[in-house]
Amino acid sequence: MAKQIQVPNFYTTVENFFEKAAPYTGLDAGLLAQIRVCNSIYAIQFPVEIQNKVTGKMEVKVIEAYRVQHSHHRLPTKGGIRYSNNVDQHEVMALATLMSYKCAIVHVPFGGAKGGVKINPRDYTEEELERITRRYTYELVRRNFIGPSIDVPAPDYGTGGREMAWIYDTYRTLKENEIDAAGCVTGKPVAVYGIQGRTEATGRGVYYGLREACADEHDMKKVGLTTGMAGKTMIIQGMGNVGSFTGTISQEEGDVKVVGVGEYDGAIYLKSGINIEKLLKVRDETGSITNYPGATVYSKEDRNKILEMPCDILVPAALENQITTDNANKIKAKIIGEAANGPISSSAEEVLLKKGILIVPDVYLNAGGVTVSYFEWLKNLSHMRFGRMEKRFNQTSQERLLHAMEDLTGRKIDPELLRKVARGADEVDLVRSGLEETMSRSYGFIHEFQKKHNIDMRTAAFAYAIKLIGDDYQNLGIFP
Ligand code: NAD
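In this report, the structure presented in the accompanying data block is examined. Numbering of residues begins from 1 in every chain and follows the order in which that chain's sequence is written. In keeping with the model being predicted, local features are shown solely for residues with a pLDDT of at least 70 and side-chain atom pairs are shown and tallied solely at 80 or more, while totals for entire chains, interfaces and linings include all residues. As a rule here, side-chain values cover all heavy atoms of the structure and leave hydrogens and water aside.

The working definition used for a salt bridge is a side-chain nitrogen of Lys or Arg within 4 Å of a carboxyl oxygen of Asp or Glu. Counted according to the given criterion, the structure contains 37 salt bridges. Two residues, Arg 134 and Asp 169, come together in a salt bridge whose shortest N-O distance is 3.0 Å. Of this pair, Arg 134 sits in helix 4 (residues 126-142) while Asp 169 sits in helix 5 (residues 161-174); the two residues are 35 residues apart in sequence, bridging distant segments of the chain. Judged by its relative accessible area of 24%, Arg 134 is partly exposed. In this structure, Glu 416 engages Arg 419 in a salt bridge whose closest nitrogen and oxygen atoms are separated by 3.1 Å. Remark: Arg 419 and Glu 416 occur in helix 14 (residues 415-421); sequence separation between them is 3 residues, near one turn of the helix. The buried label goes to any residue with under 20% of its type's maximum accessible area, the exposed label to any with over 50%, and the partly exposed label to all in between, with areas taken from a 1.4 Å probe on protein chains only. The class of Glu 416 is partly exposed, set by a relative accessible area of 40%. Through salt bridges with shared partners, a single network forms among Arg 82, Glu 91, Lys 114, Asp 156 and Glu 320. Under the DSSP-based scheme used, a helix requires at least four consecutive residues in state H or I and a strand at least two consecutive residues in state E, with every element numbered from the N terminus.

Written as structure tokens, this is what we have:
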């Protein structure tokens, strides 16, 4: 008889991490109990007309969906919307909880939330997905679960800019006089009040976070690696939004060698390196990553073997519960960078820590998305793109300074160099700079906390976040 695999409950995993971190916060039991729970849970079932693929007839399908606001200590609440067949209330609660800690860690002044619609987007046409998204948004508006000062969704697994544009359009149609309507959702296309650099933000943040981890000599020595990203081997599970940008940016800016990639329909391993740009092209043209030339291919059933292949950095960027006690002992990576939310169960984490693996946790590592979402929301509320006021002024001042240097030294600066040095910052430059600064600073805070208490990085990140939320509760006078 086949072995029955017990899938750990994601929310229980998050609760276990909370329990482990709580003693390091110094907060009393009542406050901890308040921080721990989800403040509002909205479960919806709504009907949508869908065409039967066999008969061609229109039929009504009842769709199950959720929006969970974990913490109202800061408003609006913020968190993505997931489209997946695995969505259930506990999954959305776990993801909403992580959002609160994530926002605290990167000092983004929001409470955490998350949404989920229980569908596999691959089973629906674009028109049907639009109908489902608009109906879901309508339900959120009806119950006051969306708005620039209430709750601001964003993309997550199975959704992207297209869905965010539908959400915005539905919202503004229902709230025609709301001047800040564009701030009701982030991750919108740039042409629909989005911000440059949001699509790549989570993957870029993952790269910056891993770069911080790899810069620490003591930590690298402990896992038997030298400092720096250059030359390190990486395996990525999931070539969606987060995984693909983590791959391309790590290769282009960090000189990392990606040796393995996993997808839902199979996985590939190639010791000499996989070019991610080329891999994405191969998938576009042939429909699957498994057609990448020269690679060892794993079938759909064996796709998770890729997690067990040798590499320096393993980046799970698909879904939760990918590393459990079933495979934790077989992991050969020295560092695991959690680009996905909850890829490691709490009991698997104990096994990995005993093996001496450095885990850079989701609540910190994938916070680049919400950081740039915060920038987008600020842009929407200010009704102006970043850099508009100061770009030309900075450029002119820098040109003046360089011309003064030319006069003083009697030497001409190469015009191309002058143009580069004196360039004023565009929106995308400011977004990247803000993201890099955030990931670097936040790493410093949690690493400091970790060293002070001599604990693992996830426990430090959780404790640091819970303490900040607790301080907010007390300082803002919300807690009796
Ligand atoms: P996505 O839908 O763009 O991509 C996910 C990819 O994973 C898809 O290509 C899918 O085919 C693949 N996949 C699914 N099951 C798989 C399996 N068993 N093995 C290998 N690959 C599999 O989703 P995303 O936005 O990239 O999100 C991925 C993870 O990152 C999720 O856990 C999400 O919560 C987290 N995250 C996303 C963002 C964001 O800004 N999009 C921000 C923070 C965290």
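Strand order in the open sheet made by the 7 strands is 9-8-7-6-10-11-12, with mixed pairing throughout. Each end of this open sheet is capped by a strand with a single partner; those strands are strand 9 (296-298) and strand 12 (358-360). Taking each pair of neighbouring strands and ignoring which way they run, the sheet shows an average axis angle of 15°. Paired strands are those between which DSSP finds at least two bridges. Working convention: axes come from line fits to C-alpha atoms, limited for helices to the stretch in contact. Angles between N-to-C directions cover 0 to 180 degrees.

The next thing to look at is the packing of aromatic side chains. Classification of ring pairs rests on two measures: the distance between centres of Phe, Tyr or Trp rings, Trp counted by its six-membered ring, which must be within 6.5 Å, and the angle between planes, read as stacked under 30 degrees, edge-to-face over 60 and tilted in between. The full count for this structure, using the stated rule, is 13 aromatic pairs. Aromatic side chains Phe 17 and Phe 462 sit 5.8 Å apart centroid to centroid with 65° between the ring planes, which places their arrangement in the edge-to-face category. Of this pair, Phe 17 sits in helix 1 (residues 10-21) while Phe 462 sits in helix 16 (residues 457-475); the two residues are 445 residues apart in sequence, bridging distant segments of the chain. Grouping residues by exposure puts Phe 17 and Phe 462 together as buried. Both rings, one in Tyr 42 and one in Phe 145, keep their centres 5.0 Å apart while their planes meet at 35°; by these two values the pair is tilted. Taken together, the residues Tyr 42 in strand 1 (residues 40-51) and Phe 145 in the loop between helix 4 and strand 5 (151-155) connect sequence positions 103 residues apart. Look at Tyr 42 and you get buried, because its relative accessible area is 11%.

Another aspect to go through is the pairing of strand 8 (residues 266-269). Here strand 8 shows a buried face lined by Gly 266 and Ile 268 and a second buried face lined by Ala 267 and Tyr 269. Sheet topology note: the strand 7 (residues 257-263)/strand 8 ladder contains 4 bridges and is antiparallel. Paired with Glu 263 across the strands is Gly 266, a residue of strand 8. A loop of 2 residues connects strand 7 with strand 8, the two strands running antiparallel in sequence. One ladder, built from 3 bridges, connects strand 8 with strand 9; its direction is antiparallel. Within the sheet, the bridge partner assigned to Tyr 269 lies in strand 9 and is Thr 296.

Turning to its location among the elements, Gln 322 is positioned in the loop between strand 10 (313-316) and strand 11 (335-337). Judged by its relative accessible area of 16%, Gln 322 falls in the buried class. Any pair of nitrogen or oxygen atoms within 3.5 Å is treated as a polar contact; in protein, a donor-acceptor pairing is required on top of that, and neighbouring residues in sequence qualify only through side-chain atoms on both sides. Within polar-contact distance, the side chain of Gln 322 engages the side chain of Gln 237 at 2.9 Å. A polar contact of 3.4 Å, which involves the side chain of Gln 322, links it to the side chain of Asn 304.

In terms of residue burial, strand 5 counts as a mostly covered element, since 4 of its 5 residues are buried. Pairing analysis gives 5 bridges linking strand 3 (residues 77-83) to strand 5, with the strands arranged parallel. The residue of strand 5 that forms the bridge with Ile 81 is Pro 155.

What follows is about the site of the ligand. Near is defined per residue: the residue qualifies when any heavy atom it owns lies within 4 Å of the molecule or strand. Around the ligand sit 24 residues in total, of which Asp 156, Gly 158, Thr 202, Glu 263 and Asn 341 are the nearest. Glu 263 places a side-chain nitrogen or oxygen 2.6 Å from an oxygen atom of the ligand. Broken down by secondary-structure element, the contributors of at least two residues to the shell around the ligand are helix 8 (241-254) and strand 7. Residue polarity follows a fixed list, in which Ala, Val, Leu, Ile, Met, Phe, Trp, Tyr, Cys and Pro are nonpolar, Asp, Glu, Lys and Arg are charged, and the others, Gly among them, are polar. When grouped by side-chain class, the residues that make up the shell around the ligand number 9 nonpolar, 9 polar and 6 charged. Each of domain 1 (38-194) and domain 2 (197-390 + 425-459) contributes no fewer than three residues to the shell around the ligand. The split into domains, and so the bounds of each, comes from an automatic or database assignment of domains.

If you trace the 5 strands from one edge of the open sheet to the other, you get 1-2-4-3-5, paired in mixed fashion. Unpaired on one side and paired on the other, strand 1 and strand 5 mark the two borders of the sheet. When strand polarity is set aside, the average angle formed by the axes of neighbouring strands in this sheet is 25°. The sheet contact formed by strand 2 (residues 58-69) and strand 4 (residues 111-117) spans 5 bridges and is antiparallel. Among the inter-strand pairings, Tyr 66 is bridged to a residue of strand 4, identified as Gly 116. In this description, contact between two residues means that some pair of their heavy atoms is separated by no more than 4.5 Å. Relative to strand 4, helix 3 (residues 89-105) is tilted by about 150°, and along the sheet it contacts strand 1, strand 2, strand 3 and strand 4.

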